[in-house]
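# Topology and contacts: notes
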Amino acid sequence: MTDAQLPAQWTLRRIRDVSGDQEAVVLDTERTVKWVAGPGAHEVLRPEIVLGFHGLCLVKPVDDEDWYMGSLYDDGSIDCWAAYDELYEALRGL
């Protein structure tokens, strides 16, 4: 993924600077992502953008303006348990 595919005004360098993680990467969106914060059935999210920060991820789903934070598992799947209105806020919450 190039910087052009990131949200407007964002580059991988800026994401690394704001998050404090100089090894942050853009990950492939072909993976299982679930919202697991609520009780009952878990909602499956279709990721448009996935950012990796070691064992944590931020996911921007298709047709949703929020950013979801979650855990990245060895099989590549992600369980999200927090949501943020803005990417900046999500990056600071890592």
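Residues numbered from 1 in each chain as written. Predicted model: local features only at pLDDT ≥ 70, side-chain atom pairs only at ≥ 80, totals over all residues. Heavy atoms only, no water.

As a further point, take the packing of aromatic side chains. Counted by the stated rule, this structure contains one aromatic pair. When the centroid spacing of 5.1 Å and the interplanar angle of 75° are considered together, the rings of Trp 35 and Tyr 68 count as edge-to-face. Of this pair, Trp 35 sits in strand β2 (residues 33-35) while Tyr 68 sits in strand β6 (residues 67-72); the two residues are 33 residues apart in sequence, bridging distant segments of the chain. Judged by its relative accessible area of 22%, Trp 35 is partly exposed. Above the face of the Trp 10 ring, Arg 14 is positioned so that its terminal group lies 3.8 Å from the ring centre. (Phe/Tyr/Trp six-rings, centres within 6.5 Å; stacked < 30°, edge-to-face > 60°. Helix = DSSP H or I, 4+ residues; strand = E, 2+ residues; numbered from the N terminus. Buried < 20%, exposed > 50% of the residue type's maximum accessible area, 1.4 Å probe, protein only. Lys NZ or Arg CZ within 6 Å of the ring centre and 35° of its normal.)

Residues Ile 15, Leu 51, Leu 58, Leu 87 and Leu 91 are the most contacted members of the largest nonpolar core, which totals 16 residues. Residues contacting Leu 91, with those up to four places away along its chain left out, are Trp 10, Ile 15, Val 18, Ser 19, Phe 53 and Leu 58. Judged by nonpolar contacts, the second largest core, of eight residues, contains Val 33, Cys 57, Val 59 and Cys 80. (Core = buried A, V, L, I, M, F, W, Y, C linked by side-chain atoms within 4.5 Å. Contact = heavy atoms within 4.5 Å.)

On to the pairing of β6, then. β6 sits mainly inside the fold: five of its six residues count as buried. Taken together, the four bridges between strand β5 (residues 56-61) and β6 define a ladder with antiparallel strand orientation. The partner of Val 59 across the bridge, within β6, is Tyr 68. Where β5 folds back on β6, the antiparallel hairpin that results is connected by five residues, among which Asp 63 adopts a positive phi of roughly 60°. Across six bridges, the pairing between β6 and strand β7 (residues 78-84) is antiparallel. When the bridges of β7 are listed, Tyr 68 appears paired with Ala 83. The antiparallel hairpin formed by β6 and β7 contains five residues in its connecting segment, where Gly 76 sits at a positive phi of about 95°. (Pairing = 2+ DSSP bridges.)

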